[in-house]
Every structure is written in C-alpha cells, then in structure tokens.
Amino acid sequence: MKNTSDIFKKLFIFTVSIVAAIVLIGIIRIAASPALQEILLDADADFWPFTVQNIMWVALFIGFGELFIRWSAASEENQQLARGYLPTDAKPLSGDLLTRIRDAVAGRRFGLNCFLPRMIIRTIDQYKISGKEDQATSVLNSSLELYMHEIDLRYSMLRYLTWLIPSLGFIGTVMGIMFALQYAGVPANAESEDFLYQVTSRLGVAFTTTLLALIMSAVLVLVQSIVQGKEERALNEAGQYCLDNLILRLDGSTSK
C-alpha cells in the first residue's frame, strides 16, 4: 500500500511539474519581450514549441518536482524524532521494556518506512537474539551505512537531470551553429543586405542556449545539495538518537 501511494505521489508530482513548466513557457511567450523570448525559448524557431530551450525548462521543473519529494521525505524523517519512540529518562532498558518499545514502534501505522523506526526495530531484534551490546551497535552502524547509500540512490534521477540539462544546452548550441552555417551556405542568402545580421543572430541564440543550460544546472545542483544535506542530517540525528537512548542504555539482559 505504501509503495502504491508513493508511485501515485510521484506520478502526480511529475504531472504537476510538466504542467508548471508549460505554464511558465506560456507566460514567457506572452509577457516577455521578443529578445527575451528568443533567449529563453528560441521563440522564432520554425519548429517551435519543440525547441531545446523548452525541453530544458521541462527537465528543470521535473528536477524541482523530484527535489520537492526529497524535501518532503527529509521533513518526515525529522518529524520522527519528535514521536518519542524511545524513553529519554536515562534509565537502563530492560528486556521487557525493549519488547514493549519494539512492539509499539512496529505497531505504528505511518512512518515505518522512515529510517528511525527501522533502525530501532533492527537494533532491538539483534540485541534480543544475541544479548550482546557490541552486536547491536554493529547492526546500528551497518544500518546507518545502508541508509546513507539508500539516500544516495534516491538522487540518481536528479544527478541525471543535472547532466542532461547542460548536455541539452550543448546540443542546442551545435544545432544553432549548424543552422547558421546552413543559412550562410545558401548563395541567395549571401547576397542579402542583412546577411551578417541573420548569421550572427543565429549564432547568438546558439550560444545563449548553453548559457541558459549552465544557469539552470547550477540552480538545480544548489537546491539539490541543500535538500540532500537536510536528508543526511536527518539520518545522522536519527543515528545519534538511537545511540544515546538505546545503545548506551542497554542493561545486558534479554527477553527472547
């Protein structure tokens, strides 16, 4: 059920991102000056609206949608610390109390896919099986490493988008240079009075495509670093919470 809801959420955010990109393109098309439209949208292209710039805008907003999902997940991870899964009275945790804590965490309807409850359940299960604090600590450390890798995997699509947008910019530049050379290669165009203007204007749009792509990619990478840092800090705080309120308070007794 959780996986199904996550898929629907991602599809919804994906759709909203594309619609938002189309709306922004429409606003630029209506409200911006012709020169700005040429830079941001390549509005004078014969194949408009299927321009490289428009594809870049769609890719950028899909990236923003992915970042919104990741920001929501990081916020949910931070909220787990306030749910009071573990007692914080500094008293040793007996085997019976660990069993009650484990059952209470596992019985939660929401949040079980978050890092903190999963770490608590894994650590308690290992401790109840082995009765050794060092093995419980080892499970906690292994879980932290696995979850850090899991966070990194969640940003694979964003890393692809931050590579795709500059690549689209370079493709647009190459296409612009190609079109400018094709125009210059027509003898009738070479005899035109505005020949130089037409060629240079085409080349100008070609190079602004790469500039726009680099700016988009820089913004996306900046926001990604902020969001990923928030998610990694949430994991570190969850690990510290388990260490202080679970690992360091095990009293050496078990209840299998």
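It should be emphasised that the depicted structure is a prediction, and the values quoted were computed from it without experimental measurement.

## Some words on the overall build of the chain
In step 1: In terms of regular secondary structure, the chain is built from 9 helices and 0 strands.
In step 2: The linear arrangement of helices and strands in the chain, starting from the amino end, is α-α-α-α-α-α-α-α-α.
In step 3: Against the globule reference of 18 Å for 256 residues, the chain gives a C-alpha radius of gyration of 27 Å, more extended than a compact globule.
In step 4: Summarising its shape, the C-alpha atoms of the chain cover approximately 95 × 30 × 25 Å along the three principal directions.
In step 5: In the chain, which comprises 256 residues, the proportion classed as buried is 40%.
In step 6: Long-range pairs, those at least 24 residues apart, make up 75% of the contacts in the chain with a sequence separation of at least 6.
In step 7: Total accessible area on the chain stands at roughly 14,100 Å², and carbon and sulfur atoms take up 65% of it.
In step 8: Side chains of the chain give 22 positive and 25 negative charges; the mean places of these two sets differ by 13 Å.

## Some words on the packing of helix α5 (residues 115–130) against helix α9 (residues 195–245)
In step 1: Contact geometry for α5 and α9: axes closest at 9 Å, N-to-C directions at 35°. For the crossing formed where α5 meets α9, the hand is right-handed. Where α5 approaches α9, its residues Phe115, Leu116, Met119 and Ile120 are matched on the opposing element by Leu235, Ala238, Gly239, Tyr241 and Cys242.

## Details of the confidence of the model for the chain
In step 1: Here the chain averages 86 in pLDDT, while 95% of its residues score no lower than 70.
In step 2: Taken element by element, the predicted model of the chain shows its lowest mean pLDDT in helix α8 (residues 187–190) (70) and its highest in helix α3 (residues 52–80) (93).

## Considerations on the packing of α3 against helix α7 (residues 156–184)
When two helices pack together, their arrangement is captured by the angle between the axes and the distance separating the axes.
In step 1: Where α3 meets α7, the axes come as close as 10 Å, and the angle between the chain directions of the two elements is 170°. Taken as axis vectors, α3 and α7 run roughly antiparallel relative to one another. Of α7, the residues touching α3 (which contributes Val52, Ile55, Met56, Ala59, Leu60, Ile62, Gly63, Glu66 and Leu67) are Met157, Leu158, Leu161, Leu164, Ile165, Leu168, Gly169, Gly172 and Met175.
In step 2: When grouped by side-chain class, the residues that make up the contact of α3 with α7 number 14 nonpolar, 3 polar and 1 charged.

## Some words on the environment of Arg108
In step 1: Its place among the elements puts Arg108 in the loop between α4 (95–106) and α5.
In step 2: Exposure remark for Arg108: the relative accessible area of 32% places this residue in the partly exposed category.
In step 3: Not counting the four nearest positions on each side in its chain, Arg108 is found in contact with Arg83 and Tyr85.

## A closer look at the layout of surface pockets
In step 1: One number sums up the size of the second largest pocket: a volume of about 610 Å³.
In step 2: If you trace the second largest pocket, you find 24 residues lining it, with Glu38, Asp42, Ala45, Arg202 and Val205 closest to the centre.
In step 3: Mapped by element, the contributors of at least two residues to the lining of the second largest pocket are α3, α7 and α9.
In step 4: With 9 residues, the top contributor of residues to the lining of the second largest pocket is α9.
In step 5: When its residues are assigned to classes, the lining of the second largest pocket shows 9 nonpolar, 10 polar and 5 charged.

Calculation notes
All chains use their own residue numbering, which begins from 1 and follows the written sequence. Only residues with pLDDT of at least 70 are given local features in this predicted model, and only at 80 or more are side-chain atom pairs given and counted; all residues enter the totals for whole chains, interfaces and linings. Think of the side-chain values as coming from all heavy atoms in the structure, minus any hydrogens and water. We count a stretch as a helix when DSSP gives it H or I for four or more residues in a row; a strand needs E for two or more, and each element gets its number in order from the N terminus. Based on C-alpha atoms, the radius of gyration is set beside the globule rule, defined as 2.2 Å times the residue count to the power 0.38. Whether a residue is buried, partly exposed or exposed follows from its accessible area with a 1.4 Å probe, protein chains only, as a fraction of its type maximum: under 20%, in between, or over 50%, in that order. Whether two residues are in contact is decided by their heavy atoms, any of which lying within 4.5 Å being enough. For every accessible area listed, the method is Shrake-Rupley and the probe measures 1.4 Å; residues are considered covered only by the protein chains on display. A positive count includes Lys and Arg, and a negative count includes Asp and Glu. His and the chain ends are not counted in either. Charge coordinates come from a single atom per side chain, which is NZ of Lys, CZ of Arg, CG of Asp or CD of Glu. Axes, fitted as lines to C-alpha atoms, cover a helix only where it is in contact. Angles between the N-to-C directions of the axes lie from 0 to 180 degrees. Handedness of a crossing is defined here by the sense of rotation of the near helix relative to the far one, left-handed for an anticlockwise turn of less than a right angle and right-handed for a clockwise turn. Each residue carries a pLDDT score, the predictor's confidence in it, ranging from 0 to 100. Angles below 35 degrees are treated as roughly parallel, those above 145 as roughly antiparallel, those between 65 and 115 as roughly perpendicular, and all remaining angles as oblique. Here the nonpolar group is Ala, Val, Leu, Ile, Met, Phe, Trp, Tyr, Cys and Pro; Asp, Glu, Lys and Arg are the charged ones; every other residue, Gly included, is treated as polar. Cavity and pocket criteria rest on a 1 Å grid covering protein atoms alone: a 1.4 Å probe that fits but cannot get out defines a cavity, protein on both sides within 12 Å along at least 5 of 7 lines defines an open pocket, and an atom within 4 Å of a point defines a lining residue. Grid points are joined across faces, edges and corners, and a volume is the space filled by probe spheres set on the points.

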